[in-house]
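Spelled out, the chains give:
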Protein chains: 2
Amino acid sequence: MSTAARGDQAGRPVPPAELTGHLAYLLKHAQLALAELTAAALEPYPVNGRELAVLTVLAGNEPASQQQAAQRLGVDRTTMVGLIDALEDEGLVRRHADAGDRRRNVVTLTEAGRDTLHRAGEAAGAAERRFLAPLSTPDAQRLKATLLAVIEPQR
Amino acid sequence: MSTAARGDQAGRPVPPAELTGHLAYLLKHAQLALAELTAAALEPYPVNGRELAVLTVLAGNEPASQQQAAQRLGVDRTTMVGLIDALEDEGLVRRHADAGDRRRNVVTLTEAGRDTLHRAGEAAGAAERRFLAPLSTPDAQRLKATLLAVIEPQR
DNA sequence: TATTGTTATACTCTATAACTATA
DNA sequence: TATAGTTATAGAGTATAACAATA
């Protein structure tokens, strides 16, 4: 492993001066850096970041159909099939045919699902706090508020 | 095309209340929304956002080898091959064997490359300004500074 | 006819391994 | 031995089309 050994991997690059003014670059690499921290933090748990988000949305909207969860998360319903499959295989959620509309699968969290949501959610939160550590608390809060403001009206 | 016709596509979802506090969600969807606007803005030009970023980095660091450009952008060198291929096919860049070290390809912009950089860069900038329109100018500047602050020290 | 979940398929982005030519 | 570029390949993530069951 010589001097330039890391050159083969992407890693997190030092932002090049030509791109530090480009929001697209900043957003992409902020997202990648946080995703990396989060992935490491979630390693002990049976979910990745996307699956944790599914658990979060399901817990906040029970009982919800697969399609409702998919819409909330902004993923395709065909993608949701695989996500629910994985969560069900881990015993974190269960599918039930909706009594009123038997085309629908209502998805509910199991006890293990709720437990994982809390513990993995805490781990992901800790990763986020580490990521935001260079900022003051008000700056960190402003960042979130600003991102939300820019996301909301775009549609 | 009925009421729920758009339900099949992801689109930009209304942020679910359970996730608006999660930075990972906010960053991801901000990035996706901006990427969508940028892609539409670049449609008339022979480059996408990634290729425009390559042109930008190359223009700021001529003469640069493929590997140097790859490191600056944070992409793998195997990925850079395809990016340069596409730019070369469009006549926007040229590869030259480095006189001093013939393993290296020095990549330079053509006239067309410089022209595309300026015009497509302006289009992408306009997309960014539209994306940031909900924010005051100081808020927009603060957003960029904050993202940079959080990206830089992570390595 | 339309909708939910599903499967099969394909496309993009990215990374790893192995090859070549040069050093 | 090591490095720059390349190729082949594989893995995520995502989307489209088509099908079965149900409405």
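Refer to the structure presented above.
Throughout what follows, the structure given in this document is the object of discussion.

Here is what the cut-offs are and how they apply
- Residues numbered from 1 in each chain as written.
- Chains lettered and ligands numbered in written order.
- Predicted model: local features only at pLDDT ≥ 70, side-chain atom pairs only at ≥ 80, totals over all residues.
- Heavy atoms only, no water.
- Helix = DSSP H or I, 4+ residues; strand = E, 2+ residues; numbered from the N terminus.
- Rg over C-alpha atoms; globule rule 2.2 N^0.38 Å.
- Buried < 20%, exposed > 50% of the residue type's maximum accessible area, 1.4 Å probe, protein only.
- Contact = heavy atoms within 4.5 Å.
- Areas by Shrake-Rupley, 256 points an atom, 1.4 Å probe, with all protein chains shown as cover.
- Lys, Arg positive; Asp, Glu negative; His and termini not counted.
- Charge placed at Lys NZ, Arg CZ, Asp CG, Glu CD.
- Buried area = accessible area lost by both parts, 1.4 Å probe.
- Salt bridge = Lys/Arg side-chain N within 4 Å of Asp/Glu carboxyl O.
- Polar contact = N/O pair within 3.5 Å; in protein donor to acceptor, adjacent residues only side chain to side chain.
- Pairing = 2+ DSSP bridges.
- Axes fitted to C-alpha atoms, helices over the stretch in contact; angles between N-to-C directions.
- Least-squares fit on C-alpha atoms with pLDDT ≥ 70 in both.

Things to note about the overall build of chain A
Here is step 1 of the chain: Scanning chain A from terminus to terminus reveals 6 helices and 3 strands.
Here is step 2 of the chain: Listing the helices and strands of chain A from first to last along the sequence gives α-α-β-α-α-β-β-α-α.
Here is step 3 of the chain: Taken against the 2.2 N^0.38 rule, which gives 15 Å for 155 residues, the C-alpha radius of gyration of chain A at 19 Å runs more than 25% over that of a compact globule.
Here is step 4 of the chain: In terms of overall dimensions, chain A has C-alpha extents of about 60 × 45 × 30 Å along its principal axes.
Here is step 5 of the chain: Across the 155 residues in chain A, those meeting the buried criterion constitute 43%.
Here is step 6 of the chain: The long-range fraction of contacts in chain A, counting pairs at least 24 apart against all pairs at least 6 apart in sequence, stands at 49%.
Here is step 7 of the chain: For chain A, the exposed surface amounts to about 8100 Å²; the carbon and sulfur share of it is 50%.
Here is step 8 of the chain: Side-chain charges of chain A comprise 18 positive and 19 negative groups, with the mean position of each set lying 4 Å from the other.

Description of the interface of chain B and chain A
Here is step 1 of the chain: Taken together, the contacts link 57 residues of chain B with 58 residues of chain A.
Here is step 2 of the chain: Carbon and sulfur atoms make up 67% of the surface buried where chain B meets chain A, a total of about 5400 Å² over both sides.
Here is step 3 of the chain: Our count for the contact surface shared by chain B and chain A stands at 2 salt bridges.
Here is step 4 of the chain: One salt bridge connects Arg72(A) with Glu18(B), and the closest N-O pair in it is separated by 3.2 Å.
Here is step 5 of the chain: Our count for the chain B to chain A interface comes out at 8 residue pairs in polar contact (both at pLDDT 80 or more).
Here is step 6 of the chain: When contributions to the side of chain B that touches chain A are tallied by element, the ones reaching two or more residues are α1 (23-42), α2 (49-60), α3 (66-73), α5 (111-131) and α6 (137-151) of chain B.

Some details on the sheet that holds strand β2 (residues 93-97) of chain B
All names here are of chain B.
Here is step 1 of the chain: Strand order across the open sheet formed by 3 strands is β1-β3-β2, with antiparallel pairing between neighbours. The open sheet has two edge strands, β1 (64-65) and β2, and neither has a second partner.
Here is step 2 of the chain: Both β2 and strand β3 (residues 105-109) contribute to a ladder of 5 bridges, which runs antiparallel. Bridging across to β3, Arg94 finds its partner in Thr108.
Here is step 3 of the chain: Together, β2 and β3 form the strand contacts of helix α4 (residues 77-89), whose direction differs from that of β2 by roughly 120°.

Here's the deal with the environment of Leu143(B)
Here is step 1 of the chain: Relative to the assigned elements, Leu143(B) resides in helix α6.
Here is step 2 of the chain: Sequence separation between Leu143(B) and Leu58(B) is 85 residues, and the spatial gap between their C-alpha atoms is 26 Å.
Here is step 3 of the chain: When sequence neighbours within four positions are dropped, the list of residues in contact with Leu143(B) reads Leu23(A), Leu143(A), Thr146(A), Leu147(A), Leu132(B) and Leu135(B).

Description of the relation of the copies chain B and chain A
Here is step 1 of the chain: Rotating chain B by 180° and translating it 0.0 Å along the rotation axis places it on chain A, where the RMSD comes to 0.0 Å. Here the two chains are linked by the operation of a two-fold rotation axis.
Here is step 2 of the chain: Comparing contact sets, 100% of the residues at the interface of chain B also lie at the interface in chain A, consistent with an isologous, same-surface contact.

Observations concerning the side chain of Glu51(A)
Residues and elements named next belong to chain A.
Here is step 1 of the chain: Mapped onto the fold, Glu51 is located in helix α2 (residues 49-60).
Here is step 2 of the chain: An unpaired buried charge is present at Glu51: no salt bridge exists, and Arg50, the closest side chain of opposite charge, is 7.1 Å distant.
Here is step 3 of the chain: Those residues in contact with Glu51, other than ones at most four positions away along the chain, are Pro46, Leu83, Ala86 and Leu87.

Description of the pairing of strand β3 (residues 105-109) of chain A
Residues and elements named next belong to chain A.
Here is step 1 of the chain: Most of β3 sits out of view: 4 of its 5 residues are buried.
Here is step 2 of the chain: Pairing of strand β1 (residues 64-65) with β3, which is carried by 2 bridges, proceeds in the antiparallel orientation. Within β3, the residue paired with Ser65 across the bridge is Val106.

Here we look at the sheet that holds β1(A)
All names here are of chain A.
Here is step 1 of the chain: One open sheet holds the 3 strands; their spatial order is β1-β3-β2, and the pairing between them is antiparallel. Pairing within the sheet leaves two strands with one partner each, and these edge strands are β1 and β2 (93-97).
Here is step 2 of the chain: Set on the sheet, α2 makes contact with β1, β2 and β3; between it and β3 the angle comes to about 100°.

Description of the side chain of Thr108(A)
All names here are of chain A.
Here is step 1 of the chain: For Thr108, the position within the fold is in strand β3.
Here is step 2 of the chain: Overall, Thr108 belongs to the buried group, its relative accessible area being 19%.
Here is step 3 of the chain: Among the polar contacts listed, one links the side chain of Thr108 to the side chain of His96, at a separation of 2.8 Å.
Here is step 4 of the chain: Discounting chain neighbours no more than four positions away, the residues touching Thr108 are Glu62, Leu92, Val93, Arg94 and His96.

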